[in-house]
Amino acid sequence: MPLPIVAIPADTRILEGAVWHAVKGQYVNATLKVAKAMPLLVPALEEHADVEAVLDRVDGVLISGSPSNVHPLLYGRDATDKDGPFDPGRDAVSLPLIRRAIERGIPLLAICRGIQELNVALGGTLASEIQEEPGIWDHRKPETNDADEAYSIRQTINIKEGSCMARFLGHAGTVQVNSLHRQAISKIAPRLQVEALADDGTIEAVSVIDAKGFAVGVQWHPEYWAETDNPSRALFEAYGQALRDYAAAKQVTA
Ligand SMILES: N[C@@H](CCC(=O)NCCCC(=O)O)C(=O)O
């Protein structure tokens, strides 16, 4: 049986004076080694992105994290100096890809920027520089050049009873995760339900209400420790099973 294929929208990066379309290796590694699926990178095209052509050929979608932010015009307000940096090519691919993957029942896992894109794609809004709000913890990436330290597991979240996340992880209640974000969900989209909260009330996981299949977003980074951290591994294994189920069902109806 060939591996299921997972579309991962790339970021726009400027390297060596040229435009690159790039995805961090940790998302590729977790998809391949823990979800047991073949990553397929999708370029960040501001125009001409054919998401149907992509979705016809894959068994899942993974929306990765990124230091860039969703442009606020996409959730109904003008940009301020707190909202950048932006990646219009990434936005132009990921938002329609998310909407159509949900409509078609294609397994979707959205991580960090991904949960924010999921919320915006379905009509929600985002808050910027959340650490400046009273009572909100500092969720930002730690000041370090060491990746393991940046993605260190250092925050308690609370998984809701009866949630999809509780099913995937095997329990509800407290879980330890990492945290590298300055934005978060402000108004939650109508079709999303909260799956987990931080102690300061920040939404840390959501799922799509009445989804045809696996459709989950998390604010933390399960991909980074997916091979060694139990909650991270459990989430990617559940995603992998959803991919195989979707691929098998496609074979039957082909
Ligand atoms: N930009 C958004 C989303 C944050 C995010 O995806 N962080 C992971 C990338 C970290 C990095 O590579 O720098 C926000 O800040 O909320």
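Everything here concerns the structure above.
Below is a summary of the structure that appears in this document. (Residues numbered from 1 in each chain as written. Predicted model: local features only at pLDDT ≥ 70, side-chain atom pairs only at ≥ 80, totals over all residues. Heavy atoms only, no water.)

## With respect to the packing of helix α3 (residues 88-104) against helix α4 (residues 113-121)
Stage number 1. Across the interface, α3 lies against α4 with an axial gap of 9 Å and an inter-helix angle of 70°. The pairing of α3 with α4 is recorded here as roughly perpendicular in orientation. Helix-helix and strand crossings are classified by hand; for α3 and α4 the assignment is right-handed. Between α3 and α4, the residues in contact are Arg90, Asp91, Ser94, Leu95, Ile98, Arg99 and Ile102 and Arg113, Gly114, Glu117, Leu118, Val120 and Ala121, respectively.
Stage number 2. For the contact of α3 with α4, the per-class residue count stands at six nonpolar, two polar and five charged. (Axes fitted to C-alpha atoms, helices over the stretch in contact; angles between N-to-C directions. Helix = DSSP H or I, 4+ residues; strand = E, 2+ residues; numbered from the N terminus. Parallel < 35°, antiparallel > 145°, perpendicular 65-115°, else oblique. Left-handed = near helix turned anticlockwise from the far one by under 90°. Contact = heavy atoms within 4.5 Å. Nonpolar A, V, L, I, M, F, W, Y, C, P; charged D, E, K, R; others polar.)

## Side note on the state of the cysteines
Stage number 1. The tally for this structure, following the rule as stated, stands at zero disulfides.
Stage number 2. With no disulfide of its own, Cys164 lies 20 Å from the sulfur of Cys112, the closest cysteine sulfur.
Stage number 3. The class for Cys164 is buried, based on a relative accessible area of 19%. (Disulfide = S-S within 2.5 Å. Buried < 20%, exposed > 50% of the residue type's maximum accessible area, 1.4 Å probe, protein only.)

## Things to note about unusual backbone geometry
Stage number 1. In this structure, the amide linkage connecting Gly84 to the following residue, Pro85, adopts the cis form with an omega of 0°.
Stage number 2. Phi at Glu129 is positive, roughly 45°, even though this residue is not glycine.
Stage number 3. Among the structural elements, Glu129 can be located in the loop between β7 (126-127) and α5 (147-150).
Stage number 4. In this structure, Asp210 is a non-glycine residue whose phi angle is positive, near 60°.
Stage number 5. Summarising the element assignment, Asp210 is placed in the loop between β12 (203-208) and β13 (215-218).

## Things to note about the sheet that holds strand β1 (residues 5-9)
Stage number 1. Spatial strand order, β4-β1-β5-β6-β13-β12-β11-β8-β9: nine strands in an open sheet with mixed pairing. The open sheet terminates on both sides in strands that have one partner only, identified here as β4 (38-42) and β9 (173-177). Strand after strand, the sheet turns through a mean of 25° between neighbouring axes, direction not considered.
Stage number 2. In this sheet, strand β5 (residues 60-63) lies alongside β1 in parallel orientation, the contact comprising two bridges. Across the sheet, residue Ala7 finds its bridge partner in β5, namely Val61.
Stage number 3. Contacting β5, β6 (108-111), β11 (192-198), β12 and β13, α4 crosses the sheet at an angle of about 115° to β6. (Pairing = 2+ DSSP bridges.)

Note that all results are geometric; they support no functional claim without further evidence.
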